[in-house]
Amino acid sequence: MKYFLCFSLTSLIFSLTFSVNLSAWSWSDPAKTTNKKNSIQIQDETHRPYTNEELSYLRKNLPIGQLHSDPVHGEFSLLSSKCQQNTWTLSLTDPLDGSEWLLQANLFLPTDATASNKVPAMLMMPPISGTFFLDYQIAINLCNQHIAVISFDPIRPENRKSDDLSLDRYDQTLIRALTPAHWAFEILSNLAVVDSSKIGAMGMSLGGIIASFYSAYETRIQTLIHVVAGDYLPGILTHTQQRLLTGTRKETMDQHSWTDLSQYETALSEAIHHDPYLWSKGLKNKRIMAIISSADTFVPSQYQYSFVERTSPQSITMVNTSHSVTLFLAPYTHSKAFADFILNL
């Protein structure tokens, strides 16, 4: 699959180990876990947001891949006097094709978190696969401010590299992303030191689009931080100037003999049934923070504005820098604001 371009900076891992007593695990999942191969699709000629009744129906029928065994995790490494980190490996079932999906997630935990001093927590979805500079630095900053973070890539590497030009691959990406997000949520909620009523989601670029969809799907998520991400994927894919996506767009249009961008956008809107725009009513009554760029050509600014108009975030920060620069500066310019919003300061 073609993917959003972002920075590929290697994270610095510290070697000093630190042990912590984790709570007993209970992985009997709610009735959401299923092996269904196909999602429910509600045909909608007007491409309007789903009603609350439709969302309730979809939540019950979307497939979540199973967890094969208890997650495996390493020892904690001390990153600072306030934060420790370890890596988790989960063996999951791909919800669409049934194959094994090995997911790695990085858990950042405040050192003073205890069962009597529980901390809020965030699921973090980066703009590119693996643990890279952006999410790693933001996670450490939040962890140092008494917030637990679990960072993971919601897209399978195999799907990122695919040359498949089928239009429904974008919808499949969103459906698949629910599985790692679901189990990352379960990891956090099973930690005795985490306040399970205060778990939110954060995403950047493509990760923000997925975080928005997951937050609308998962009723237990109360807080969403949305960084230079839009809410109408057909429009974003049609008008983006990101090099890899423009190449995919040209190949697809040539394959179908389309000469007008509106043909591409219409076809995408008919193929993508789990777009955050369609799920926008699922974000009602949630606390939302949005960082939007007025000079973005990767996730065109108009779709960041439309997200704000539809969801009415409690906190909005507008910057006049490009997509990549906004992401690169986020750990330095916005981490304190992220923490204050999560802690409701």
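Description of the structure in this document. (Residues numbered from 1 in each chain as written. Predicted model: local features only at pLDDT ≥ 70, side-chain atom pairs only at ≥ 80, totals over all residues. Heavy atoms only, no water.)

Another point: the environment of Val299. Counting through the fold element by element, Val299 comes out in the loop between β10 (287-293) and α9 (301-311). The spatial distance from the C-alpha of Val299 to the C-alpha of Leu206 is 8.7 Å, given a sequence separation of 93 residues. (Helix = DSSP H or I, 4+ residues; strand = E, 2+ residues; numbered from the N terminus.)

Before going further, it helps to examine empty space enclosed by the protein. A complete count under the given rule lists two cavities of 30 Å³ or more for this structure. Of the volumes computed, that of the second largest cavity is approximately 30 Å³. Residue lining of the second largest cavity: Trp101, Pro154, Ile155, Arg156, Asn159, Thr173, Arg176 and Ala177, and that is the complete set. When residues of the lining of the second largest cavity are assigned to their parent elements, the largest contribution, three residues, is made by helix α4 (residues 169-189). Grouping the amino acids of the lining of the second largest cavity by side-chain chemistry returns four nonpolar, two polar and two charged. (1 Å grid on protein atoms, 1.4 Å probe; cavity = no way out; pocket = protein on both sides within 12 Å on 5 of 7 lines; lining within 4 Å. Points joined across faces, edges and corners; volume = space filled by probe spheres on them. Nonpolar A, V, L, I, M, F, W, Y, C, P; charged D, E, K, R; others polar.)

Let us now look at helix α2 (residues 133-143). Burial analysis of α2 places nine of its 11 residues in the buried class, the great majority of the element. Considered for burial, the residues of α2 that qualify are Phe133, Leu134, Asp135, Tyr136, Ile138, Ala139, Ile140, Leu142 and Cys143. (Buried < 20%, exposed > 50% of the residue type's maximum accessible area, 1.4 Å probe, protein only.)

As a further point, take the pattern of salt bridges. Throughout the structure, instances matching the rule amount to nine salt bridges. Notably, a salt bridge pairs Asp94 with Arg176, separated by 2.6 Å at the nearest N-O pair. Residue Asp94 is found in the loop between β4 (83-93) and β5 (100-110), and its partner Arg176 is found in helix α4; the two are separated by 82 residues along the sequence. Since its relative accessible area comes to 1%, Asp94 is described here as buried. The exposure class of Arg176 is buried, given its relative accessible area of 10%. Notably, a salt bridge pairs Arg220 with Glu218, separated by 2.9 Å at the nearest N-O pair. Within the structure, one salt-bridge network assembled from shared partners comprises Asp94, Asp97, Arg156 and Arg176. (Salt bridge = Lys/Arg side-chain N within 4 Å of Asp/Glu carboxyl O.)

Looking now at the packing of α2 against helix α11 (residues 335-342). If you want to describe how two helices pack, look at the angle between their axes and the distance between the axes. Between α2 and α11, whose axes approach to 9 Å, the crossing angle comes to 50°. Here α2 is positioned oblique relative to α11, judged by the angle of their axes. By crossing handedness, the relation of α2 to α11 is classed as right-handed. Residue-level inspection shows Ile138, Asn141 and Leu142 of α2 in contact with α11, the latter providing Ser335, Phe338, Ala339 and Ile342. When its residues are assigned to classes, the contact of α2 with α11 shows five nonpolar, two polar and no charged. (Axes fitted to C-alpha atoms, helices over the stretch in contact; angles between N-to-C directions. Parallel < 35°, antiparallel > 145°, perpendicular 65-115°, else oblique. Left-handed = near helix turned anticlockwise from the far one by under 90°. Contact = heavy atoms within 4.5 Å.)

Right, let's talk about the packing of aromatic side chains for a bit. Across all of its chains, the model carries nine aromatic pairs by this definition. Consider the rings of Tyr50 and Trp279, whose centres lie 6.4 Å apart with planes at 85°: the pair is edge-to-face. With Tyr50 in the loop between β1 (17-18) and α1 (52-61) and Trp279 in the loop between α8 (261-271) and β10, this pair connects stretches of sequence that are 229 residues apart. A relative accessible area of 2% means that Tyr50 is categorised as buried. With relative accessibility at 0%, the residue Trp279 sits in the buried group. Against the face of Phe341 rests Arg287, its NZ or CZ located 4.0 Å from the ring centre. (Phe/Tyr/Trp six-rings, centres within 6.5 Å; stacked < 30°, edge-to-face > 60°. Lys NZ or Arg CZ within 6 Å of the ring centre and 35° of its normal.)

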